[in-house]
Amino acid sequence: MKNNKIRNVISHIVLIFLAFLCLFFFYILIINSTRNHFQIQRGFSFIPGKSFLANLKNVLNDANIPVLYGIRNSLIVSAMSAIFATYFSAMTAYGLYAYKFKLRKAAFVFIMLILAMPTQVSALGFVRLVTKMKMINTLWPLFLPAIASPAVFYFMYSYIESSLPMELIDAARIDGSGEFHTFNHIVLPIMKPAMAVQAIFAFVTAWNNYFIPALVISDNKKKTLPILIAALRSADFLKFDMGKVYMLITIAIVPIIIVYILLSKYIVAGVALGGVKE
């Protein structure tokens, strides 16, 4: 009994320490967003400053950093990426699970090989393709590739294997249900927990994505928030304002924090989704 109590105490201490480390950096970010450039240069302070509104006004009024356009663009790209990644990955997983064909295993292996391929390897070919399709400097190339998301597919396939009995699909076919009707009205409701988890991760990944938007977007009004943050941080030294930088980072990170807080139960539940077998 004593050993268990000691272990529980040590576990709680470790968890509290890790939680402190995680939250401390967010606290620094929020505190610095309320201080001006000269106060930040003096060092860290636990007490908030009085420059929050001034920093916010400076960020919003900066003609070179269209923040409102950046928020709009990031929301569009992230939302569409989450929708495309979850729906089409679930459809692909259902297709490989429900249909028995000769190249079924080869298709699965091919998708897994794509998962192992770094994005940077195909970046040049992707930019050339986008240019030929006349989609350069548009938001389309930022969320259309989410239709093919190998990581999301693998999670969906693992979940569908453990949660969807083939007998249910066969029964729907016997009753005369079409394949799309079966998928949309029978399979998707079963896969809602997995889709919710992957939608969260796809949204966050697209929101934080810098590499691809930096390659295809040049118009300021079409840039996403990560590009605007990088542009503000690379400003001329004489015009560099740390208060504005921290404020812009705060604006960019607050929506992600809200998403995690509101949907944290799905994230925690999703840790074991793909590994549970009946």
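Residues numbered from 1 in each chain as written. Predicted model: local features only at pLDDT ≥ 70, side-chain atom pairs only at ≥ 80, totals over all residues. Heavy atoms only, no water.

Draft legend 1. Up close: the overall build of the protein chain. Along the protein chain, the regular secondary structure elements total 15 helices and zero strands. Structurally, the protein chain occupies a C-alpha span of about 70 × 70 × 30 Å along its principal axes. Sorting the 278 residues of the protein chain into buried and exposed places 37% on the buried side. Of the contacts formed within the protein chain by residues at least 6 apart in sequence, a portion of 74% connects residues at least 24 apart. With the model as given, the accessible surface of the protein chain reaches about 17,000 Å², and the carbon-plus-sulfur share is 70%. (Helix = DSSP H or I, 4+ residues; strand = E, 2+ residues; numbered from the N terminus. Buried < 20%, exposed > 50% of the residue type's maximum accessible area, 1.4 Å probe, protein only. Contact = heavy atoms within 4.5 Å. Areas by Shrake-Rupley, 256 points an atom, 1.4 Å probe, with all protein chains shown as cover.)

Draft legend 2. Spatial organisation of the nonpolar core. Counting 57 residues, the largest nonpolar core has Tyr-94, Met-156, Met-191 and Leu-248 as the members making the most contacts within it. In contact with Met-191, other than residues within four places in its own chain, are Ala-90, Met-156, Tyr-159 and Ile-160. (Core = buried A, V, L, I, M, F, W, Y, C linked by side-chain atoms within 4.5 Å.)

Draft legend 3. Examining the layout of surface pockets more closely. As a volume, the largest pocket reaches approximately 1,100 Å³. Of all the secondary structure elements, the ones that give two or more residues to the lining of the largest pocket are helix H4 (67-98), helix H5 (104-115), helix H6 (123-132), helix H7 (140-143), helix H8 (150-163), helix H11 (192-208) and helix H12 (211-216). When residues in the lining of the largest pocket are grouped by element, the largest group, five residues, is from H11. For the lining of the largest pocket, the class distribution of residues is 28 nonpolar, seven polar and no charged. By volume, the second largest pocket is sized at about 160 Å³. The wall of the second largest pocket is formed by Trp-207, Asn-208, Leu-225, Pro-226, Ile-229, Ile-249, Ala-252, Ile-253 and Ile-256. Of all the secondary-structure elements, those providing two or more residues to the lining of the second largest pocket are H11, helix H13 (225-233) and helix H14 (242-262). The dominant element in the lining of the second largest pocket, judged by the number of residues it contributes, is H14, at four residues. (1 Å grid on protein atoms, 1.4 Å probe; cavity = no way out; pocket = protein on both sides within 12 Å on 5 of 7 lines; lining within 4 Å. Points joined across faces, edges and corners; volume = space filled by probe spheres on them. Nonpolar A, V, L, I, M, F, W, Y, C, P; charged D, E, K, R; others polar.)

Draft legend 4. Spatial organisation of the packing of H11 against H14. Viewed as axis vectors pointing N to C, H11 and H14 meet at an angle of 175 degrees, and their least axial separation amounts to 11 Å. One way to sum up the angle between H11 and H14 is to call them roughly antiparallel. Judged by residue contacts, Ile-200, Phe-201, Phe-203, Val-204 and Trp-207 of H11 engage Ala-252, Pro-255, Ile-256, Val-259 and Tyr-260 from H14. Taken together, the residues of the contact of H11 with H14 sort by class into ten nonpolar, no polar and no charged. (Axes fitted to C-alpha atoms, helices over the stretch in contact; angles between N-to-C directions. Parallel < 35°, antiparallel > 145°, perpendicular 65-115°, else oblique.)

Draft legend 5. Expanded view of the packing of H4 against helix H9 (residues 166-174). Where H4 contacts H9, the axes come no closer than 11 Å and their chain directions differ by 90 degrees. With respect to each other, H4 and H9 are oriented roughly perpendicular. Taken together, the residues of H9 that come into contact with H4 (itself represented by Tyr-94, Tyr-97 and Ala-98) are Met-166, Ile-169 and Arg-173. Of the residues in the contact of H4 with H9, the class split is five nonpolar, no polar and one charged.

Draft legend 6. Summary view of unusual backbone geometry. You will see that Lys-134, though not glycine, has its phi angle at about 60 degrees, which is positive. Its place among the elements puts Lys-134 in the loop between H6 and H7. Even without being a glycine, Asn-137 presents a positive backbone phi close to 65 degrees. With respect to the helices and strands, the residue Asn-137 is situated in the loop between H6 and H7.

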